[in-house]
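Examination of the molecular architecture
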2 protein chains.
Amino acid sequence: MAEPQPLNIVFALFPGVTHLDFTGPHQILCRLPGAKVTVASLEGGEIEADGLIFAHLPRLTDVEACDVLVVPGGFGTTEAMANPAFLDEIRRLAAGARYVTSVCTGSLVLGAAGLLKGKRAACHWAWRDQLSLFGAIPDPGRVARDGNVFTGGGVTAGIDFALTIAAEIAGEDVAQTIQLAVEYAPAPPFNAGRPETAPARVLERVQRLYGQGMPERLAAAEKAGALV
Amino acid sequence: MAEPQPLNIVFALFPGVTHLDFTGPHQILCRLPGAKVTVASLEGGEIEADGLIFAHLPRLTDVEACDVLVVPGGFGTTEAMANPAFLDEIRRLAAGARYVTSVCTGSLVLGAAGLLKGKRAACHWAWRDQLSLFGAIPDPGRVARDGNVFTGGGVTAGIDFALTIAAEIAGEDVAQTIQLAVEYAPAPPFNAGRPETAPARVLERVQRLYGQGMPERLAAAEKAGALV
């Protein structure tokens, strides 16, 4: 049997990343035939995410190129969007990638890097509207595709997102094989995963938790000079 | 507002763990009020999982006690089941825990530790039947509960499992708040996540991939002296 073509997949991490934004897709995409997965950050070394410490990360500047670029999101998105060196690396890797992708508020990073102008993109529901600040068209879907740009919704959407990309790259049989291997037949105990279906008091609680981050995020976008 | 009661949650990792087995539940459970999450291993230090390196782990022997013990699974389960020192720590922590839990083939570790005798338990579908080797009753559900033992099915079932535990510990409002925050409204692109729904050729492919591990797993159980 012929060796599969090498497939270089790069996850670009930053401090304050939400780990499930990338561990979900990582667990799917690392099983693709020929996959060589690199999880990197601007400084290299270690990244702490929600108490987990991911170590021995190479620097993004040492990653020559990739086929698939994945940018996760998280509460550190604001700072990542305001970091010109990080955005430079995102732009450089995106320029050579077959697929430019993100999960959750990672699409705001792509936006701040100027990569979503005129493109439809998904995002975490609570920040989705802010995509328009970067000339993107907010897409309420769990996974959005616009040309070679694939974007996922909030956090857990990364699993649906990764299976979609797996099928695009390696075909439906491979994607379904991975889905069965990770037993992805979700059965949430509640129907509260979207603002449209969550009880009002639950939605209010999350909005209260998240509302505080909004002004800083706008300020960061302005600072990055990325507002349209 | 009163401070929430401290809630000590311990994830017991081992070499060859499947990272999404614990990163999924971790992302949910670390958001519980009062949660203090410890991710530990027998040797401490670093654990590599599917290419990701989790660092600065304390030793299980240095963890005094916990309220919730979570044992994930993975391709290293066989070795974990045959490691008496690891099983000793699992038994010790389980003895003082309010909830003894597992995801995926982690239930086989609980079984090998003698903690599932006469209890219903879930497991990754491909290894579920082997629970009976340890006197457990295989449960085809995505999340199974028997008294204070909560077990999840394969890999991604850990998210449904964690939301179930979140509701048990902190109530449905809190669980739903976390569900909305991580936008858990799954929409798999295919219906191949269970052997009953996957196309026959996909099921055969996964069975072929996994079938090889079975005899070694049985041998490990015998070696652990845990067979009923």
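This structure is a prediction, so every number in the text was calculated from the model and none was measured. (Residues numbered from 1 in each chain as written. Chains lettered and ligands numbered in written order. Predicted model: local features only at pLDDT ≥ 70, side-chain atom pairs only at ≥ 80, totals over all residues. Heavy atoms only, no water.)

Turning our attention to the sheet that holds strand β1 (residues 7–13) of chain A. All names here are of chain A. An order of β2-β1-β5-β6-β10-β9 is seen for the six strands of this open sheet, with the pairing classed as mixed. In this open sheet, the two edge strands, each paired with only one partner strand, are β2 (35–41) and β9 (143–146). Mean inter-strand twist for the sheet, computed between neighbouring axes without regard to direction, equals 15°. Taken together, the four bridges between β9 and strand β10 (residues 149–152) define a ladder with antiparallel strand orientation. In the strand pairing of β10, D146 is matched with V149. Running at roughly 155° to β10, helix α5 (residues 157–170) makes contact with β1, β5 (68–71), β6 (99–102), β9 and β10 of the sheet. (Pairing = 2+ DSSP bridges. Helix = DSSP H or I, 4+ residues; strand = E, 2+ residues; numbered from the N terminus. Axes fitted to C-alpha atoms, helices over the stretch in contact; angles between N-to-C directions. Contact = heavy atoms within 4.5 Å.)

What follows deals with the relation of the copies chain A and chain B. Once chain A is rotated about the relating axis by 180° and shifted along it by 0.0 Å, it coincides with chain B to within an RMSD of 0.0 Å. Both copies are brought into coincidence by an operation consistent with a two-fold rotation axis. Closest approach to the rotation axis within chain A is made by the C-alpha atom of F54 of chain A, at a distance of 2.5 Å. With an isologous cut-off of 70% or more, the 100% of interface residues of chain A that recur at the interface of chain B puts this contact in the isologous class. (Least-squares fit on C-alpha atoms with pLDDT ≥ 70 in both.)

Below, the discussion takes up the pattern of salt bridges. In this structure the tally under the stated criterion is 16 salt bridges over all chains. In this structure, the salt-bridge partner of D139 of chain A is R120 of chain A, at a minimum N-O distance of 2.4 Å. With D139 of chain A in the loop between β8 (137–138) and β9 and R120 of chain A in strand β7 (residues 120–121), the pair connects residues that are 19 residues apart, well separated along the chain. When its relative accessible area of 12% is taken as the criterion, D139 of chain A is described as buried. What makes R120 of chain A partly exposed here is its relative accessible area of 34%. Through salt bridges with shared partners, a single ionic network connects D173 of chain A together with R201 and R205 of chain B. (Salt bridge = Lys/Arg side-chain N within 4 Å of Asp/Glu carboxyl O. Buried < 20%, exposed > 50% of the residue type's maximum accessible area, 1.4 Å probe, protein only.)

Moving on: the state of the cysteines. Tallied over the entire structure, the rule returns zero disulfides over all chains. No disulfide involves C66 of chain A; its nearest neighbouring cysteine sulfur is the one of C30 of chain A, lying 16 Å away. Relative accessible area serves as the criterion here: at 4%, C66 of chain A is assigned to the buried category. Residue C123 of chain B stays outside any disulfide, its sulfur separated by 6.5 Å from that of C104 of chain B, the closest cysteine. (Disulfide = S-S within 2.5 Å.)

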